[in-house]
Protein chains: 2
Amino acid sequence: MLNITRKVEYALIALRHMQSKSDNTLTSANEVAKQYGVPRELLAKTLQQMAHHNILEAVQGPTGGYKIVAELDQISLKDFFEKLEGPLGMMDCYFDSDCVQIANCNIRVPIQRINNNMRDMFSQMTLQEVTQ
Amino acid sequence: MLNITRKVEYALIALRHMQSKSDNTLTSANEVAKQYGVPRELLAKTLQQMAHHNILEAVQGPTGGYKIVAELDQISLKDFFEKLEGPLGMMDCYFDSDCVQIANCNIRVPIQRINNNMRDMFSQMTLQEVTQ
DNA sequence: TTATATACGATAAAATTAGTCCTATTTAAT
DNA sequence: ATTAAATAGGACTAATTTTATCGTATATAA
């Protein structure tokens, strides 16, 4: 329960790897996949997703790869998680309002309190803190 | 991602329902299942689990049911979650140390930092706060 | 004796997550 | 030009986890 996904895990591994390199050096999906024993295809998709969200910049062709272009201390963990996995809520009813039991639900307010606490926590942590 | 389970959800619904009743009145699984449109069997198992952890007391036979016996303000959300779902960590490697990639893993420390933050947060919230 | 409750193991169904496959496009190097 | 190595991304399969159900036993009030 309350686990993060492999996708996020792989994304963090890649980011941390890139940060450890000297400036502007490109990193390919292959390089990360080999070094950390991570599935190449899934990792590649994740890198593409990060590029799409302007966290990374992609360079195509051989000798291509990715590099970090965002200010990681400006991206909260909450935003990062949501970019990769969509809205972050411990219960679906936090976002869905079509729950059929809604009239009878007695834990909506309490759960939102929990959710807010968790969202606040991840809003206060930056990607930089995690990957530095 | 980072969702709580239905089991925990049902447990919270049941607790909140019991708290809203006058002292020492028993509540059956059927009663909760009907009122909140929740699967009876799964709810029953969850109530049994809470009884086993001395949060509830079970009374058998017809007219039987459950009542709260624990001090809910003495039980952290972290403990509650772990009683129902086992160790609470965003990544398995927080507990498992047999990860084959461990030698190459560059995010173990960062992830544990995140995990600790989350665990701290849930350690500071009590069941009472949620169900009151 | 009956009906209704808890107790609990086993299993099935559903949903989510994880991983793979395939084809296209880009581009540096030869 | 051709080749090789990279990103891009859709479709699909496999694995895992979560959710729900089934079946049987036991307890006990009426």
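Counting from 1, residues in each chain are numbered in the order their sequence is written. Written order decides the labels, with chains lettered from A and ligands numbered from 1. Local features in this predicted model are restricted to residues of pLDDT 70 or higher, and side-chain atom pairs are both shown and tallied only at a pLDDT of 80 or more, whereas totals for entire chains, interfaces and linings draw on every residue. Side-chain metrics rest on all non-hydrogen atoms present in the structure, leaving aside hydrogens and water.

Novice: I'd love a proper account of the protein's contact with DNA strand D, names of residues and values included.
Specialist: Around DNA strand D, a shell composed of 26 residues is seen, among which Lys45 and Tyr66 of chain A together with Tyr10, Gln60 and Pro62 of chain B lie nearest. Among the atoms of DNA strand D close to the protein, meaning within 4 Å, 65% are from sugar or phosphate groups. One nitrogen or oxygen atom from the main chain of arginine 6 of chain B is found 3.1 Å from a phosphate oxygen belonging to DNA strand D. We define a polar contact as two N or O atoms separated by no more than 3.5 Å, with the added condition that, inside protein, one atom must be a possible hydrogen donor and the other a possible acceptor, whereas residues neighbouring each other in sequence contribute only through side-chain atom pairs. A distance of 2.8 Å separates a sugar or linking oxygen of DNA strand D from a polar side-chain atom of glutamine 60 of chain B. Runs of H or I in DSSP of at least four residues are treated as helices and runs of E of at least two as strands, each being numbered from the N terminus. Sorting the residues of the surface near DNA strand D by element identifies helix H2 (29–36), helix H3 (40–52), strand S1 (56–59) and strand S2 (65–68) of chain A together with helix H1 (6–19) and helix H3 (40–52) of chain B as the ones contributing at least two each. Amino acids are sorted into nonpolar (Ala, Val, Leu, Ile, Met, Phe, Trp, Tyr, Cys and Pro), charged (Asp, Glu, Lys and Arg) and polar (every other residue, Gly among them). For the surface near DNA strand D, a count of residues per class yields ten nonpolar, eleven polar and five charged. The near set for a molecule or strand comprises every residue that places at least one heavy atom within 4 Å of it.

Novice: Give me the lowdown on the packing of aromatic side chains, citing residues and values where you can.
Specialist: Under the pairing criterion, centres of Phe, Tyr and Trp rings, with the six-membered ring standing for Trp, must be within 6.5 Å; the plane angle then separates stacked pairs below 30 degrees from edge-to-face pairs above 60, leaving the rest tilted. In the structure shown here, the tally under the stated rule is four aromatic pairs over all chains. Ring centres 6.3 Å apart and planes at 45 degrees place the aromatic pair phenylalanine 80 of chain A and phenylalanine 81 of chain A in the tilted group. Under the scheme applied here, a residue whose accessible area is under 20% of the maximum for its type counts as buried, over 50% as exposed, and between as partly exposed, the area being computed with a 1.4 Å probe on protein chains only. Residue phenylalanine 80 of chain A is classed as buried on the basis of its relative accessible area, which comes to 0%. Owing to a relative accessible area of 1%, phenylalanine 81 of chain A belongs among the buried residues under this scheme. Look at phenylalanine 81 of chain B and phenylalanine 122 of chain B: their rings are 5.2 Å apart centre to centre, the planes differ by 70 degrees, and that puts the pair in the edge-to-face class. Residue phenylalanine 81 of chain B is located in helix H4 (residues 77–85), and its partner phenylalanine 122 of chain B is located in helix H5 (residues 108–124); the two are separated by 41 residues in the primary sequence. By the ring-pair criterion, three or more aromatic residues cluster together here, those being Phe80, Phe81 and Phe122 of chain A.

Novice: Just give me the short version of the nonpolar core, but keep the residues and values in it.
Specialist: Core analysis: the biggest nonpolar cluster contains 82 residues, and Phe80, Phe81 and Phe122 of chain A together with Phe80, Phe81 and Phe122 of chain B have the highest contact counts within it. Note on contacts: a residue pair is in contact if any heavy atoms of the two residues lie within 4.5 Å. In contact with phenylalanine 81 of chain A, other than residues within four places in its own chain, are Ile4, Val8, Gly86, Leu88 and Phe122 of chain A together with Met1 and Leu2 of chain B. Throughout, nonpolar core names a set of buried Ala, Val, Leu, Ile, Met, Phe, Trp, Tyr and Cys residues whose side chains join them through atoms within 4.5 Å.

Novice: Go over the side chain of threonine 126 of chain B, please, and point to the residues and values.
Specialist: Locating threonine 126 of chain B in the fold gives a position in the loop between H5 and helix H6 (127–131). With residues near it in sequence (within four places) discarded, threonine 126 of chain B still touches Leu72, Asp73, Ile75, Ser76 and Leu77 of chain B.

Novice: Can you tell me about the relation of the copies chain A and chain B, naming the residues and giving the values?
Specialist: Only residues with pLDDT of at least 70 in both copies count here: their C-alpha atoms drive the least-squares fit that superposes the copies. Each copy superposes on the other: chain A lies on chain B with an RMSD of 0.1 Å after a rotation of 180 degrees and an axial shift of 0.0 Å. Interpreted geometrically, this transformation is the action of a two-fold axis. The rotation axis passes nearest to the C-alpha of leucine 2 of chain A in chain A, at a distance of 1.9 Å. Taken as a fraction of all interface residues of chain A, those also at the interface in chain B reach 100%, which identifies the copy contact as same-surface.

Novice: Give a description of the interface of chain A and chain B that names residues and reports values.
Specialist: At the interface, 37 residues of chain A touch 37 residues of chain B. Buried area is understood as the total, over both parts, of accessible area removed when two parts are fitted together, assessed with a 1.4 Å probe. Summed over the three residues of chain A that lose the most area to chain B, namely Met1, Leu2 and Asn106 of chain A, the buried surface amounts to 20% of that side. Salt bridges are defined as contacts in which a side-chain nitrogen from Lys or Arg sits within 4 Å of a carboxyl oxygen from Asp or Glu. There are zero salt bridges connecting chain A and chain B. Counting across the chain A and chain B interface gives ten residue pairs in polar contact (both at pLDDT 80 or more). Residue contributions to the side of chain A that touches chain B peak at eight residues, all from helix H5 (residues 108–124) of chain A.

Novice: Go over the protein's contact with DNA strand C, please, and point to the residues and values.
Specialist: In the region of DNA strand C, 24 residues are neighbours, and Tyr10, Gln60 and Pro62 of chain A together with Lys45 and Tyr66 of chain B sit closest. The sugar-phosphate backbone supplies 68% of the atoms of DNA strand C found within 4 Å of the protein. Between alanine 29 of chain B and DNA strand C, the recorded distance is 3.1 Å, taken from a backbone N or O atom to a phosphate oxygen. In this structure, proline 62 of chain B approaches DNA strand C through a main-chain N or O atom, which is 3.4 Å from a base oxygen. Broken down by secondary-structure element, the contributors of at least two residues to the surface near DNA strand C are helix H1 (6–19) and H3 of chain A together with helix H2 (29–36), H3, strand S1 (56–59) and strand S2 (65–68) of chain B. Taken together, the residues of the surface near DNA strand C break down into ten nonpolar, ten polar and four charged.

Novice: Tell me about the pairing of S2 of chain B, and name the residues and values.
Specialist: Residue and element names in this part refer to chain B. Any two strands are treated as partners once DSSP identifies two or more bridges connecting them. In this structure, S1 lies alongside S2, joined through four bridges in antiparallel fashion. Residue pairing across strands places valine 59 opposite glycine 65, the latter belonging to S2. Between S1 and S2, which pair antiparallel in sequence order, lie five residues; one of them, glycine 61, sits at a positive phi of approximately 80 degrees.

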